[in-house]
Amino acid sequence: MSGLKRLWQGVIGLEVHAQISSASKLFSASPTAFNMPVNTQVSLFDAAIPGTLPVLNQRCVELALRTALALNCRINDVSAFDRKHYFYADMPAGYQITQHFRPLANHGRLEFYWQPDDNDPTSIAESVADIVQLQLEQDSGRSLHDSERQLSLIDLNRAGVALMELITGPTLTCGAEAAGFVRELVDLLRCLGACTGSLAEGALRVDANVSCRPAPPAAGDSGLGVRTEIKNINSLAALARAIDFEVARQAAVLDAGEEVINETRALADDATGRSVSMRDKERVQDYRFMPEPNLPPLFPSDLLPAASVDLPPPDQLPPGLRRRLRQELGFSYQHLASSVVAARPLADWRYLDAAVTAAKLSRPVTSPHLGRWFVHCFLGNCFRLLGESAAAEDSGISVESFGAFLSLAVDCAMISEEVGERLLERMFAQPSMDPLAEVQRLNWFLTRNPTEVASRFSQFFHRQDIASKNLDQLVKYGKFKLRGNSKKASVIEERFLALFMEAAEYTVDRTVAAKVVADILQSGVAPPPS
């Protein structure tokens, strides 16, 4: 038994640093524009010139409170700022102003969907992440290292930029789940106008705390092992890979009977998620926290009215909207995860809701195709033909007409996907078109009767050009079947199926047609001699 490897489960908590979308910094009037010339957005306070004092940016507090409300956090009656002392060359004061002891808010939660199996687009899971703390703090500057001249150059443009730090509990279990949480958080922050969420511009950075526990954990086990911290991950894909790599690394260490070292790690390879050790954390660093003497206590309740202005209700924020799209309209994860869900105005979803009602689709919708027809096809045509800012109503297609389309494509499945796409294009060109009448006029209804499909395929199969052009394929098919090479035979079946579907203008059921094609080819039917 000692030679058997144990099963391990990851235990992950995240620290997310989101740059607040404000025109000026947290404690100074310096601008916060991205990618400006170095050291052109630096005030005397940002450079820690003696005698300068911090002035709190009220807008930053309001946006942080707005986020806390959307995350169902408990807003604290009193909040305060602290000094966290540590030396970085790009932090001229020698300390960071943060909220370690008395943050703005605690005890929030965020519901989100994620995809457990990358290879199965239909897989979907729902999780809830605990938000332990939401606090305000200032960012540091940036060090630029010149290896040729062996110099480190300092850019203080970012120094003092307002950050929200959101700390989750150790409730996540793998990289895909962590990436799903961050994706949902980014959409929420964008919807609130609190942060751009641009990982490429450094507006959002993630640190991951990773440990392992036995799966399932033993009775009475706290489930928390020795953790490592992976710093400054700046893409969702890299976050998922880095966490999974670290869980696998720690599991291998534990299987070897060794101990995981409490350390800080840096991502070394985005493609694989491989991280390397930066420094160990066995000795607890003394940050010498002390109250910020130049800032009075903050009373968040005084700013709640301003923070709550135009705050959407929970069911209109991205998490609530996705929950409704999943539970009522049967959206798959592929379409729930689309940025379109969070980016589109609420009027678009009211349009869809009304169209579903007009189509008399029973709720909850069980078909997984509704999301595809609306997000990929309908809104895709809006973007392509009318521009990205166009709303669903700008298409000119009435709710009743789109409802009639959904009845054909989703409820009754009377047309194929290819026909549906062509029909939608015609509806965009002629918004007053009756989709049912158009399908009847063009005889685009889907044929499912095996006898009729077989008759149509036989007519197609015995056409002189089809037979003569593919005679070699038929000979190969017979040889493959005799040799029992079903894999190569199925490739030829797929070839004939594709040719038949195209010739039939996709008006035959693909599953029925696939069986008919296989049956006719296997029966040894050959084209007539030339």
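Predicted model only: the values in this text are computed from it and were never measured.

**Regarding the overall build of the protein**
When you go through the protein residue by residue, the secondary structure sums to 17 helices and 14 strands. Residue burial in the protein is summarised as follows: out of 530 residues, 47% are buried. In the protein, of all internal contacts separated by at least 6 residues, the share reaching a separation of at least 24 is 71%. Taken as a whole, the protein presents about 26100 Å² of accessible surface, with 52% of it coming from carbon and sulfur. Put simply, the protein has 53 plus and 63 minus side-chain charges, and the middle of one group is 4 Å from the middle of the other.

**Regarding a positive patch on the surface**
Among the surface-exposed residues, Lys476, Lys479, Arg483 and Lys488 lie close enough to one another that they form a single positively charged patch. For the positive patch, the leading source of residues is helix α15 (residues 471–483), giving three residues. As for its placement among the helices and strands, Lys479 is situated in helix α15. According to the relative accessible area criterion, Lys479 is partly exposed, its value standing at 44%.

**Observations regarding the pattern of salt bridges**
The tally for this structure, following the rule as stated, stands at 27 salt bridges. Linking Glu263 and Arg265 is a salt bridge whose minimum nitrogen-to-oxygen distance equals 2.7 Å. In the salt-bridge network here, residues are joined through shared partners; they are Glu246, Arg249, Glu263 and Arg265.

**Thoughts on the nonpolar core**
Grouped together as the largest cluster of nonpolar side chains are 65 residues, with contacts concentrated most on Leu14, Leu134, Phe181, Leu204, Leu239 and Ile243. If one sorts the elements of this core by residue count, helix α2 (residues 175–192) sits on top with eight residues. Counting residues in each nonpolar core, the second largest holds 42 residues, with Val341, Leu352, Phe378 and Phe402 among its members.

**Observations concerning the sheet that holds strand β10 (residues 204–214)**
With mixed pairing, the nine strands of this open sheet are ordered in space as β2-β5-β6-β9-β1-β10-β11-β12-β13. Looking along the sheet, the strands with just one partner apiece sit at the ends: β2 (74–75) and β13 (274–280).

**Overview of unusual backbone geometry**
Pro364 follows Arg363 through a cis peptide bond whose omega is 0°. With respect to the helices, strands and loops of the structure, Pro364 is situated in the loop between α8 (346–358) and α9 (370–386). For Asp310, which is not a glycine, the phi torsion comes out positive at approximately 60°. With respect to the helices and strands, the residue Asp310 is situated in the loop between α4 (304–307) and α5 (318–327).

**Considering the domain arrangement of the protein**
Under the domain assignment used here, the protein contains domain 1 (8–306), domain 2 (312–442) and domain 3 (450–523). For domain 1 and domain 2, the distance between their C-alpha centres works out to 37 Å. In this assembly, 16 residues from domain 1 lie in contact with 14 residues from domain 2. Summed over both partners, the interface of domain 1 with domain 2 buries about 1400 Å², with 63% contributed by carbon and sulfur atoms. In terms of surface lost to domain 2, no three residues of domain 1 exceed Tyr113, Ile124 and Asp187, which account for 38% of the buried area on that side. A salt bridge links Glu184 to Arg322; the shortest N-O distance between them is 2.5 Å.

**Brief notes about helix α1 (residues 58–70)**
Between its terminal C-alpha atoms α1 stretches 19 Å, which fits the 18 Å expected from 13 residues at 1.5 Å a residue. Within α1, ten of the 13 residues are buried, which leaves it mostly tucked inside the rest of the structure. Listed in full, the buried residues belonging to α1 are Cys60, Val61, Glu62, Leu63, Ala64, Leu65, Arg66, Thr67, Ala68 and Ala70. Looking at the packing, one finds that the buried side of α1 touches β2, β5 (105–114), β6 (125–138), β9 (162–168), α2 and α4. The backbone nitrogen of Arg59 has a side-chain oxygen 3.0 Å away, supplied by the residue at the start of α1, namely Asn57. A positive backbone phi angle near 60° is found at Asn72, which sits one or two residues after α1.

**Topic: the sheet that holds strand β14 (residues 290–291)**
The strand order across the open sheet formed by three strands is β4-β3-β14, and the pairing between neighbours is antiparallel. The sheet terminates laterally at β4 (95–98) and β14, the two strands that pair on one side only. By the bridge criterion, two bridges tie strand β3 (residues 82–85) to β14 in an arrangement that is antiparallel. When the sheet's bridge partners are listed, Asp82 is paired in β14 with Pro291.

**Some words on the packing of helix α10 (residues 399–411) against helix α11 (residues 417–429)**
The geometry of α10 relative to α11 is characterised by a closest axis approach of 11 Å and an angle of 170° between their N-to-C directions. Taken together, the axes of α10 and α11 are roughly antiparallel relative to one another. Packed against α10, whose contacting residues are Ser401, Phe402, Phe405 and Leu408, the element α11 presents Gly420, Leu423, Leu424 and Met427 at the interface. In the contact of α10 with α11, the residues fall into six nonpolar, two polar and no charged.

**Re empty space enclosed by the protein**
Enumeration over the complete set of coordinates arrives at two cavities of 30 Å³ or more. The computed volume of the largest cavity comes to approximately 60 Å³. Along the walls of the largest cavity sit Phe112, Tyr113, Gly180, Arg183, Glu184, Arg322, Tyr333, Leu336 and Ala337, which together make up its complete lining. Taken together, the elements giving at least two residues each to the lining of the largest cavity come down to β5, α2 and α6 (333–336).

**A few points about the environment of Gly380**
Tracing the backbone through its elements, the reader meets Gly380 in helix α9. According to the relative accessible area criterion, Gly380 is partly exposed, its value standing at 24%. For the pair formed by Gly380 and Val340, sequence separation is 40 residues and the distance between their alpha carbons is 9.9 Å.

**Digging into the environment of Leu346**
For Leu346, the position within the fold is in helix α8. Separated by 184 residues in the primary sequence, Leu346 and Ala162 place their C-alpha atoms 29 Å from one another.

Quick notes on the rules
Residues numbered from 1 in each chain as written. Predicted model: local features only at pLDDT ≥ 70, side-chain atom pairs only at ≥ 80, totals over all residues. Heavy atoms only, no water. Helix = DSSP H or I, 4+ residues; strand = E, 2+ residues; numbered from the N terminus. Buried < 20%, exposed > 50% of the residue type's maximum accessible area, 1.4 Å probe, protein only. Contact = heavy atoms within 4.5 Å. Areas by Shrake-Rupley, 256 points an atom, 1.4 Å probe, with all protein chains shown as cover. Lys, Arg positive; Asp, Glu negative; His and termini not counted. Charge placed at Lys NZ, Arg CZ, Asp CG, Glu CD. Patch = residues over 30% accessible without salt bridge, like charges linked within 9 Å, V, L, I, M, F, W, Y side chains within 5 Å. Salt bridge = Lys/Arg side-chain N within 4 Å of Asp/Glu carboxyl O. Core = buried A, V, L, I, M, F, W, Y, C linked by side-chain atoms within 4.5 Å. Pairing = 2+ DSSP bridges. Domains from an automatic or database assignment. Buried area = accessible area lost by both parts, 1.4 Å probe. Expected span 1.5 Å × (residues − 1). Polar contact = N/O pair within 3.5 Å; in protein donor to acceptor, adjacent residues only side chain to side chain. Axes fitted to C-alpha atoms, helices over the stretch in contact; angles between N-to-C directions. Parallel < 35°, antiparallel > 145°, perpendicular 65-115°, else oblique. Nonpolar A, V, L, I, M, F, W, Y, C, P; charged D, E, K, R; others polar. 1 Å grid on protein atoms, 1.4 Å probe; cavity = no way out; pocket = protein on both sides within 12 Å on 5 of 7 lines; lining within 4 Å. Points joined across faces, edges and corners; volume = space filled by probe spheres on them.

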